[in-house]
Amino acid sequence: MSVPTDIGEIARRGGEFRAGGTDLMARHPAGPYVDLHDLHDLSGITWQPDGSARIGALTTVAELAGDERLRAAHPSLALTAGALATPQIRAVATVGGNLLQRNRCSYYRNPSFSCHQSGGDSCPARTGLTLYSAVIDTGPCVAPHPSSLAMALLGCDASVEVHGRAPFDVGELYGDGSDPTRDHLLGPGEILVAIDLPPPVPGERAAYHRAIARSEAEWPLVEAAARLVVSDERITFAAVAVGGVARVPLRLPEVEEALLAGETLDHAAARAATRCAPAAQNGYKVALLTGTVLEVLERAFDAARG
Amino acid sequence: MKIILNGVPTVVDAHSGDVVVDVLREGQGLTGAKAACRTGVCGACTVMVDGVPQASCLLPAAAAREREITTVEGLDHPVQRAFAVHDGLQCGYCTPGFVVEAAAFVDAWRASHGDVAPPRERIAAAMAGHLCRCGAYQGIYAAIAAACRGEHDGDAGVPARVEAMDKVTGRARYTTDVRLDGQLEGVIVRSTRAHARVTAVKVDAAHVIDLLPPDRIVRYAGQPVAAVAAPTRREALAIAEGAEIGYDPIPAALDDAPGAPVVYDEHTRKQAPSASEGLELPGPWNGNVHGPFTRASWRGRTAVKRIEAARGAADPRLVTGTFTTAVQVHTPLEPHACVARWDTGGDLHLYLSTQSVGLVAEQAAKRWNLPAERVHVTADHVGGAFGAKNGITAETIAAVELARACGAPVRVVFSRADELTDAGNRPGTRTTLELLTDDKGDLAALTVDAHGRGGVSVGSAVAVFARLMYGTAPRRLRDYDVITNEPPGTPFRGPGAPPMLWALEQAVDEVAHRRGEDPIALRRRWDGNRKRHALYDWAAALPAWAGRAAAGSQEGRFRRGIGVAAANWAYMLDPGTEIELQVEGDVVVARTTTQDIGTGIRSVIAEILRDELGLPAERVRVEIGRTGTVHGPPSIGSRTTTSVAPAVRDAARRLRERGLADGAKVVGRRRRDRRGYVTPIAVGGMALGRGFSGAVHVTEVEVDTRFGTVRPLRVWAGIAVGHIYAERLARSQCEGGIVQGIGYALYEERHVDPVTGTVLTANLDDYRIPGIGDTPEMTVHFHQDGWEHVNGRGVGVGEVSTIGVAASVGNAVHNATGWRPHDLPIRPDRLLEGMRK
Ligand SMILES: Cc1cc2nc3c(=O)[nH]c(=O)nc-3n(C[C@H](O)[C@H](O)[C@H](O)COP(=O)(O)OP(=O)(O)OC[C@H]3O[C@@H](n4cnc5c(N)ncnc54)[C@H](O)[C@@H]3O)c2cc1C
Ligand code: SF4
Ligand code: FES
Ligand code: FES
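The shown structure was predicted, so the numbers you read here are calculated from the model rather than taken from an experiment. (Residues numbered from 1 in each chain as written. Chains lettered and ligands numbered in written order. Predicted model: local features only at pLDDT ≥ 70, side-chain atom pairs only at ≥ 80, totals over all residues. Heavy atoms only, no water.)

**Quick notes on the overall build of chain B**
- Helix and strand counts for chain B stand at 20 helices and 31 strands.
- The C-alpha radius of gyration computed for chain B amounts to 26 Å, which stays within 12% of the reference 28 Å derived for 837 residues, consistent with globular compactness.
- Summarising its shape, the C-alpha atoms of chain B cover approximately 80 × 65 × 60 Å along the three principal directions.
- Intrachain contacts of chain B at a sequence separation of at least 6 include 78% that bridge at least 24 residues. (Helix = DSSP H or I, 4+ residues; strand = E, 2+ residues; numbered from the N terminus. Rg over C-alpha atoms; globule rule 2.2 N^0.38 Å. Contact = heavy atoms within 4.5 Å.)

This is the structure in structure tokens:
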């Protein structure tokens, strides 16, 4: 078997791309699989002279979490990477696979159901268990977006490189959540090559938190990452992103603006609730959302004050 | 494809869709890594790839090319010995994964920090990708800390269990690891409908086994319809997936609404399986409601009269409440598994993951029409059971029938989805309780109405257990089953008791709270049990108890609370238990038809023999988990140790008298207790002994009011079961009972789709069992007096050690917040909602 190491050739092969396989192999798609792991150029973090960074799509989550320079420059991203999944999974899971993984809705993952995401034309979750559903309604599918890194990268104003296309904002990988048939908008045969991070913001402090029932290793009910710069007790820079609450990872400009306008952390965090439209069982996610945002704001603020 | 496997360059055969765990287990015969969940959650499949632990169930074989793979079989690390010595295992099924991960962690820790113990949180974070259903986490913490301190670099130390080294090295063979020549893999095809008459089953396989009941009606989604076999699991799954089942739909009952379609008619009611252990509760039927069973009541009419009067007078001494519990699933880490082989002489050989070797053999002989001696059952190691693996279940029927049809041995191993859907559960319940105290603050009357929801099963006996608590005050106890088209319940560690205690022990706490009386002092007044008095005194003297804050007195985000709950449990035994000792060379071999599901009975037998005969460890061998010897107990109803241990003593005495000459053989018996038993004759091998075992759990939690989470900090367990045969192993079982109780209290909940009846929590992401980080610090105190009438002076610990835990958590949450949880599990949404009110 010849191992293609040319990305163009790989992209032309029919089949499911496979990076770490931690999402793919749990879903057992029919195959064939096209392994990406020999595209060594896609692995690792490279730093540019202006301080910006390029993260290869095959870089593992564990590498992100452990990279000293990344922890200093983009702490929200490194903290998120270190908190997701479990050590064995982080060691294998890649950044690209994380951004392009499929959702965790228990209906979608159960072969007994068909739904918008699996070629059907309905959403059985809406008439069934909504305890874990998105609380911000953007379209027919209410499965929260699964990618923690997408949320953190959105908060870092990152862009992504897809083979054969000009770089674009990470948010455009997902759109506005109105398309219920997929978890990302890449077409078949499109390979995610890298993630580009802008230069760090001087003086930035960050925090990440996930609301879960157990202490570890649980998919977040709600998660959030905040980046703040504080000078003289005033917030001069704020970026807040949340996950677990909508079909797509979200930035919360309403919260960021309130912070920059000098509102208290409490008040600013409460603004996160304004977009929520709970279903039958997930009203509690509104409280968790404001609580999680407040938590990361407080922690980032305390860190920023030193 | 080439890999370096445990240091040896190896050429392996792998398909592009294969994952490493299958390459190792099926291709290389390295069965240490277990495929327990196949979704990356449980960690039982962990191996090292170039020194880094990875979940081999998701690791594409292609990713292992030219890499160095180290499995537990290739590991030789101090932490393995530490696990053995500190008893970081019970059934041992999770152990290979844990020790591989722990080895990498310990090395990295020592390299960067030196030989010091890491903080608990560091260990928890490192082990976050591993689940242990037995709840051996306290031992795991201790083992890893000791290995980090360098305490196990040299000599092995003394393992807490005789088979511990087999379990930490991956040598221990479980049923899922058995592979016979020419063996096929069987898979069960399950119903996708909650209620339907099956009109056709079309499967593309030479041999299809029918698993439908005689009326051809499936009554829940997930019910076995047929079974098929193929040379590999992949092929068998593909055949099963391609099966076409014709359904004639029948309206399904998926809730307890009075107008719900009827699940059983008069003729089919007898088919309903039972969720309780040997306890048949006769009662009338009314549509889908079976019951009430009221015979456990005592002066029921007086109780009702008093309570009605109190209600009419709005008596503040009347405490009422409705408490609910979710369906809890056993989900032992080793799934249900059976390898069946018919030999040329027509004998049936079963390798089975079971908690009742003897019963299975009996049932198999009857079902397949064989003389008892022609059924041979082997269960050398069993990866947990908790009640779900008693007697013949679907995987055994499928394997045996397929093996006969195919003329080859067949292995059937449940997937985690099978296990979480249709392999047993503790029924959900709704219990309404009214409790009245009199002027002196004594219990004056009690009513309990419990509705159990065990799907298509009956026998959710909950209210009956309120008869065992708090003296002889009048009480009316009514048990109902509400039948639905959902998977059946089965007995689960202390069946019926946890939901009853969840309601009763919180109501008693409420009485104490309203009276301004110490909850332990109140229980001590109400409870006539002397053994438990000793436990109350012990609990009341705990400094943490004395220092606890008044309920609801705390402000602020984090609030700590301490709660107590008492538990009472019957003493059961198998009076026919025997044990055979045979001297083989200079080794004494002990045999009986029992099995070690993680309780440690193998070690108890060995320890008693060593003591009684004054022999070193290597001269004693225990062979259990097999038929072909004398009668021994099933591991149900906390009866194994109390039945077996006295028989071992008796046998040892006889052997001493005979002398330890080669070939000498004796049989020891479980002699009667003084004053005999409550049940004059043993029914189904079971007798109800005299006296009740007791437990008092004191639990400290921290509530985070921002996120609605409850963190269990510490649990003190006072246990009164008399003589403790093996202290470390008994403690491990009690710790595991606490961990499972915490799961029940805080996380575990089976969800079923309300429209189709399909179980949604079909993987271990969605069905949440406690992890190592959720484990409180635990102290177990044994009160060993009070069982002098019992032969051996000790009774079982398995059930009494878990049934009251959830109630103690509920009372701790109330103490912390002033809000009393009524519904299990205490999810964040419920706590947030409760705190808002
Ligand atoms: C127990 C557990 C807990 C988890 N918890 C979390 C969590 O809390 N937060 C979280 O974010 N994730 C979590 N995950 C998911 C995990 O992070 C993802 O499975 C992982 O990141 C996927 O990466 P991978 O390299 O293994 O992807 P793969 O499984 O190989 O691929 C995933 C998908 O992406 C596609 N793909 C991969 N790389 C590329 C590429 N370069 N170009 C185009 N397509 C590509 C594949 O075709 C596939 O469809 C958890 C997983 C497990 C098992
Ligand atoms: S929420 Fe989305 S993934 Fe889940 S069932 Fe509905 S459409 Fe499918
Ligand atoms: S079997 Fe691989 S993690 Fe459970
Ligand atoms: S010892 Fe861990 S699952 Fe049994």
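There is more to say after this.
**Considerations on the sheet that holds strand β19 (residues 410-413) of chain B**
Residue and element names in this part refer to chain B.
- As summarised here, the arrangement of the seven strands in space is β8-β10-β6-β19-β16-β17-β18, forming an open sheet in which the pairing is mixed. Both edges of this open sheet fall to β8 (208-210) and β18 (375-378), since each of them pairs with a single strand only. Between one strand axis and the next, the sheet turns by 25° as a mean value, whatever way the strands run.
- When β8 meets strand β10 (residues 224-230), the two strands line up antiparallel, connected through three bridges. In the strand pairing of β10, Ile209 is matched with Ala227.
- Sheet strands touched by helix α7 (residues 233-241): β6 (184-190) and β10. Its angle to β10, the strand with the most contacts, is close to 140°. (Pairing = 2+ DSSP bridges. Axes fitted to C-alpha atoms, helices over the stretch in contact; angles between N-to-C directions.)

**Side note on the nonpolar core**
- Formed by 146 residues in total, the largest nonpolar core has its most connected members in B:Phe83, B:Ile144, B:Leu435, B:Ile719 and B:Ile826.
- Sort the elements by how many residues they give to this core and helix α12 (residues 497-515) of chain B lands first, with ten residues.
- Setting aside its immediate chain neighbours within four residues, B:Phe83 contacts B:Gly88, B:Leu89, B:Thr95, B:Phe98, B:Val99, B:Ala102, B:Ile140, B:Ala143, B:Ile144 and B:Val168.
- In this structure, A:Leu70, A:Phe168, A:Val248 and A:Cys276 belong to the second largest nonpolar core, which totals 119 residues. (Core = buried A, V, L, I, M, F, W, Y, C linked by side-chain atoms within 4.5 Å. Buried < 20%, exposed > 50% of the residue type's maximum accessible area, 1.4 Å probe, protein only.)

**Side note on the site of ligand 2**
- Around ligand 2, the structure places 13 residues, and the nearest of them are A:Cys105, A:Cys115, A:Cys123, A:Cys141 and A:Val142.
- Split into classes, the residues belonging to the shell around ligand 2 amount to ten nonpolar, three polar and no charged. (Near = heavy atom within 4 Å. Nonpolar A, V, L, I, M, F, W, Y, C, P; charged D, E, K, R; others polar.)

**Structural notes on unusual backbone geometry**
Residues and elements named next belong to chain B.
- Residue Pro292 is reached from Gly291 by a cis peptide bond, and omega for that bond is 10°.
- Tracing the backbone shows Pro292 in strand β13 (residues 289-293).
- A positive phi angle, near 60°, is found at Phe386, a position not held by glycine.
- Here Phe386 is to be found in the loop between β18 and α10 (394-406).

**What to know about empty space enclosed by the protein**
- Counted by the stated rule, this structure contains eleven cavities of 30 Å³ or more.
- Volume-wise, the largest cavity comes out at about 560 Å³.
- In terms of lining residues, the largest cavity is bounded by 37 residues, among which B:Thr599, B:Ser638, B:Gln733, B:Val797 and B:Gly798 are the most central.
- Within the residue set of the lining of the largest cavity, elements represented by two or more residues are α17 (640-658) and α18 (727-747) of chain B.
- Across the lining of the largest cavity, the residue classes tally to 16 nonpolar, 17 polar and four charged.
- What the second largest cavity holds in volume is close to 430 Å³.
- Taken together, 25 residues form the lining of the second largest cavity, with A:Arg104, A:Cys105, A:Tyr132, A:Pro144 and B:Asp766 sitting closest to its centre.
- In the lining of the second largest cavity, the residues fall into 13 nonpolar, seven polar and five charged. (1 Å grid on protein atoms, 1.4 Å probe; cavity = no way out; pocket = protein on both sides within 12 Å on 5 of 7 lines; lining within 4 Å. Points joined across faces, edges and corners; volume = space filled by probe spheres on them.)

**Things to note about the domain arrangement of chain A**
Residue and element names in this part refer to chain A.
- As assigned here, chain A comprises domain 1 (5-34 + 42-117 + 146-197) and domain 2 (205-305).
- With centres defined by C-alpha atoms, the gap from domain 1 to domain 2 works out at 23 Å.
- A buried area of about 1800 Å², summed over both sides, lies between domain 1 and domain 2, and 64% of it is on carbon and sulfur atoms.
- Where domain 1 meets domain 2, there are two salt bridges.
- In this structure, Asp157 and Arg251 form a salt bridge, with 3.0 Å as the shortest nitrogen-oxygen distance.
- On the surface where domain 1 and domain 2 come into contact, there are seven residue pairs in polar contact (both at pLDDT 80 or more).
- Elements represented by at least two residues in the side of domain 1 that touches domain 2 include exactly α5 (75-83) and α8 (148-155).
- A per-class count over the side of domain 1 that touches domain 2 returns eleven nonpolar, eleven polar and five charged. (Domains from an automatic or database assignment. Buried area = accessible area lost by both parts, 1.4 Å probe. Salt bridge = Lys/Arg side-chain N within 4 Å of Asp/Glu carboxyl O. Polar contact = N/O pair within 3.5 Å; in protein donor to acceptor, adjacent residues only side chain to side chain.)

**Considerations on the side chain of A:Thr60**
All names here are of chain A.
- Within the element layout of this structure, Thr60 appears in the loop between β4 (53-56) and α3 (61-66).
- On the accessibility criterion, Thr60 (13% relative accessible area) is buried.
- Residues within four places of Thr60 in sequence aside, it is in contact with Arg90, Ala91, Val92, Ala93, Thr94 and Val95.

**Examining the domain arrangement of chain B**
All names here are of chain B.
- Per the domain assignment, the segments making up chain B are domain 1 (2-74), domain 2 (78-172), domain 3 (184-250 + 335-415), domain 4 (269-330 + 425-506), domain 5 (518-570 + 686-836) and domain 6 (578-669).
- Between domain 2 and domain 6, the C-alpha centre-to-centre distance is 29 Å.
- Counting residues at the interface gives six residues for domain 2 and nine residues for domain 6.
- Of the roughly 500 Å² buried where domain 2 meets domain 6, counting both sides, 49% is carbon and sulfur surface.

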